[in-house]
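Structure at a glance
The chain contents come next:
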Amino acid sequence: MPAIQSILGIETSCDETAAAVVLRHPDGRGEIVSNVVLSQLEEHSAYGGVVPEIAARAHVEALDSLIAEALLQSGKTLGALDAIAATAGPGLIGGLIVGLMTGKAIARACDKPLFAVNHLEGHALTARLTDQLSFPYLMLLVSGGHTQLILVRGVGDYERWGTTIDDALGEAFDKTAKLLGLPYPGGPAVERAALSGNPKRFVFPRPLVGETRLDFSFSGLKTAVRQAATSIEPVTEADVADICASFQNAVSRTLKDRIGRGLERFSAEFPAEKARALVVAGGVAANRELRQTLSDLCAAKGFRFVAPPHALCTDNAAMIAWAGLERLAAGLSPDGFDTQPRSRWPLDQKAETLIGYGKRGAKA
Ligand code: KG4
Ligand code: ZN
């Protein structure tokens, strides 16, 4: 019987320093034995966004002890592991250098194979760790840096069906919050304010709704929010709540249209597939209204809606470890020590770069 495989994962692509040890049982089941994440939120909040230089320094300071903690919690020594996985991109280059170099050093010193993992692949495969989902399935990644609808066909086999042509959805939440004087990160603040607001007071644009292409656009929405706020100055707390509720309502309707079309395309391309599923990942997936919208949509279209636990939807190292294990199990070759970190690294290499895509850069 094949043995249990174990791996150390390292994640440093943005503002979370993370390390994890994950196992893969012979039946394909994954098991997280440790998962340590140190968020740098406080270091960056005064600037209203992630400052790359601060992030890189914070990774340097925290990573060694986080890896030691992840190993301690797992009860494993480095020598007992089968491989090392580290995020090699996309992301902020300073942080990526820290994590990948550390991964290389450990792999070299302990004579273990190294997997240089695409952070987006980590998000894409998480549902197989948490829910043992089988291929193919659709994944919606909605975070501070990405808004992508991806067909996950297999390990290393991805097709991008849609992406944002300007701002990422999390970015739209963050910018809206900033405009309204709400704290960073904006998503949770907008969601909270929206609870007591009137979603019908403002009619905000629903970009690209009705179009057959599956892309997204959110920058017009942000402009509309600014105009609405300016037109009713001085803006009261009740106004803020109404704007937030109306904003969320517009986002929700937009996603319903875009993702609805994506589900229809999936059904058309895989007519024999009985176990259809949509997976969500990324910080925005925490939003209750958006989750409800997607969950209702899936129910209506005969799809299973899979939302991994929040801690595994946002940036973490367990997903990087798992992506490494999936590559190992699929018989894919480990990466050489000459592998370089890359700030841009689309999952679907064939997909063209859209105008403005990934403007804020790097976050995934
Ligand atoms: O995946 P994530 O934790 O980090 C990266 O972007 O890498 O996502 C963070 C983003 C931020 O833009 C934040 O405002 C947004 O997710 N977010 C939310 C919510 N919680 C976090 N957006 C909407 N509603 C939420 N409840
Ligand atoms: Zn991410």
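Residues numbered from 1 in each chain as written. Chains lettered and ligands numbered in written order. Predicted model: local features only at pLDDT ≥ 70, side-chain atom pairs only at ≥ 80, totals over all residues. Heavy atoms only, no water.

**Comments concerning helix α7 (residues 219–231)**
Given 3.6 residues per turn, any residue in an α-helix points the same way as the ones three and four places further on. Defined as follows: Secondary structure counts use DSSP, requiring at least four H or I residues in a row for a helix and at least two E residues in a row for a strand, with both numbered from the N terminus. A helix is expected to span 1.5 Å for every residue after the first. For every residue, the accessible area (1.4 Å probe, protein chains only) is compared with the maximum for its type, and the residue is labelled buried under 20%, exposed over 50%, or partly exposed between those bounds. What the arc measures is the spread of directions leading from the helix axis to the C-beta atoms. Whether two residues are in contact is decided by their heavy atoms: any pair within 4.5 Å suffices.
Along its 13 residues, α7 runs 19 Å from first to last C-alpha, staying within 8% of the 18 Å computed at 1.5 Å per residue. Taken together, the buried positions of α7 are L221, K222, A224, V225, A228 and A229. One side of α7 carries all its buried residues, which in axial view fall inside an arc of 160°. Among the exposed residues of α7, those oriented more than 90 degrees off its buried face are Q227 and S231. Elements in contact with the buried residues of α7: α5 (169–179) and α8 (237–269).

**A closer look at the state of the cysteines**
Just so we agree on the cut-off: Disulfides are defined as pairs of cysteine sulfur atoms found within 2.5 Å of each other.
Using the criterion set out here, one finds zero disulfides in the structure. Of all cysteine sulfurs in the structure, the one in C313 sits closest to C298, which takes part in no disulfide; the separation is 14 Å.

**Structural notes on the packing of aromatic side chains**
Short version of the rule: A pair of aromatic rings is counted whenever rings of Phe, Tyr or Trp (Trp by its six-membered ring) have centres within 6.5 Å, and the orientation is called stacked for planes under 30 degrees apart, edge-to-face for over 60 and tilted otherwise.
Considering all chains together, one arrives at six aromatic pairs under this definition. Measuring from centroid to centroid gives 4.8 Å for F266 and F270, while their planes differ by 40°, and the two rings are tilted. By the burial criterion, F266 is buried, and F270 matches it. In this structure an aromatic cluster arises from ring pairing among F266, F270 and F303.

**Thoughts on the nonpolar core**
Selection criterion: By convention a nonpolar core is built from buried Ala, Val, Leu, Ile, Met, Phe, Trp, Tyr and Cys residues, the set being connected through side-chain atoms within 4.5 Å.
In this structure, L140, L149, L169, F204, F247, I259 and L278 are the most contacted members of the largest nonpolar core, which totals 46 residues. Among the secondary structure elements, those contributing two or more residues to this core are β6 (137–142), β7 (147–154), α5, α6 (186–194), α7, α8, β9 (277–281) and α9 (288–301). Discounting chain neighbours no more than four positions away, the residues touching I259 are L140, L149, F216, L278, L294 and L297. With 34 residues, the next largest nonpolar core counts V22, V117, L312 and A323 among its residues.

**Topic: a positive patch on the surface**
This is how it is decided: Here, patches come from residues exposed beyond 30% relative accessible area and free of salt bridges, joined within 9 Å for like charges and within 5 Å for nonpolar side chains (Val, Leu, Ile, Met, Phe, Trp, Tyr). Here the Shrake-Rupley method, with its probe set to 1.4 Å, supplies the accessible areas, and only the displayed protein chains count as covering residues. Salt bridge criterion: a side-chain nitrogen from Lys or Arg within 4 Å of a carboxyl oxygen from Asp or Glu. This count recognises Lys and Arg as positive and Asp and Glu as negative, with His and chain-terminal groups excluded. By convention, the point assigned to a charge is CZ for Arg, NZ for Lys, CD for Glu and CG for Asp.
A cluster of like positive charges, contributed by K200, R206, R253 and K256, occupies part of the molecular surface. Looking at where R253 falls in the secondary structure, it is placed in helix α8.

**Description of the sheet that holds strand β8 (residues 157–163)**
Rules: Strands qualify as paired when DSSP identifies two bridges or more between them. For helices, the fitted axis covers only the stretch in contact; all axes are lines through C-alpha atoms, and the angles between them, taken along N-to-C directions, range from 0 to 180 degrees.
One open sheet accounts for five strands, arranged β8-β7-β6-β9-β10; its pairing is mixed. Two strands close off the open sheet at either side, each with one partner strand: β8 and β10 (304–306). Across the sheet, the axes of successive neighbouring strands diverge by a mean angle of 25°, strand direction being ignored. The strands touched by α9 within the sheet are β6, β9 and β10, with β10 carrying the most contacts at an inclination of about 155°.

**A closer look at the side chain of K112**
Along the polypeptide, K112 turns up in the loop between α3 (93–110) and β5 (114–118). Here K112 occupies a buried position and makes no salt bridge, while the nearest side chain of opposite charge, D82, is found at 6.4 Å. Filtering out sequence-adjacent residues up to four positions away, K112 remains in contact with L78, G79, L81, D82, A83, I84 and A107.

**A word on the pattern of salt bridges**
Scanning the entire structure with this criterion turns up 19 salt bridges. A salt bridge links R288 to E191, with the nearest nitrogen and oxygen atoms 3.9 Å apart. Of this pair, R288 sits in helix α9 while E191 sits in helix α6; the two residues are 97 residues apart in sequence, bridging distant segments of the chain. You can call R288 exposed: its relative accessible area is 64%. Residue classification places E191 among the buried residues on the basis of a relative accessible area of 14%. Residue D257 is joined to R261 by a salt bridge in which the shortest nitrogen-to-oxygen separation is 3.4 Å. Note that D257 and R261 are positioned in helix α8 at a spacing of four residues, about one turn of the helix. Taking relative accessible area as the criterion, D257 reaches 18% and is therefore assigned buried. Look at R261 and you get partly exposed, because its relative accessible area is 26%. When salt bridges that share partners are traced, they join R153, E159, R265 and E269 into one network.

**A closer look at the domain arrangement of the protein chain**
Inclusion rule: For each domain, the first and last residues come from an automatic or database assignment. As used here, buried area is the combined drop in accessible area, with a 1.4 Å probe, of two parts when they are placed together. Side-chain atoms alone can form a polar contact between residues adjacent in sequence; in general such a contact is a pair of N or O atoms within 3.5 Å, and within protein one must be able to donate a hydrogen while the other accepts it. Gly counts as polar in this scheme, as do all residues outside two lists: the nonpolar Ala, Val, Leu, Ile, Met, Phe, Trp, Tyr, Cys and Pro, and the charged Asp, Glu, Lys and Arg.
In terms of domains, the protein chain is made up of domain 1 (5–130 + 311–329) and domain 2 (135–308). Inter-centroid distance (C-alpha atoms) of domain 1 to domain 2 is 27 Å. In this assembly, domain 1 packs against domain 2 so that about 1600 Å² is buried in total across both faces, 72% of it on carbon and sulfur atoms. Looking only at domain 1, the three residues that lose the most surface to domain 2 are L120, A124 and C313, adding up to 31% of its buried area. Counting across the domain 1 and domain 2 interface gives four residue pairs in polar contact (both at pLDDT 80 or more). Residue contributions to the side of domain 1 that touches domain 2 peak at nine residues, all from helix α4 (residues 119–131). In terms of residue class, the side of domain 1 that touches domain 2 is made up of nine nonpolar, seven polar and five charged.

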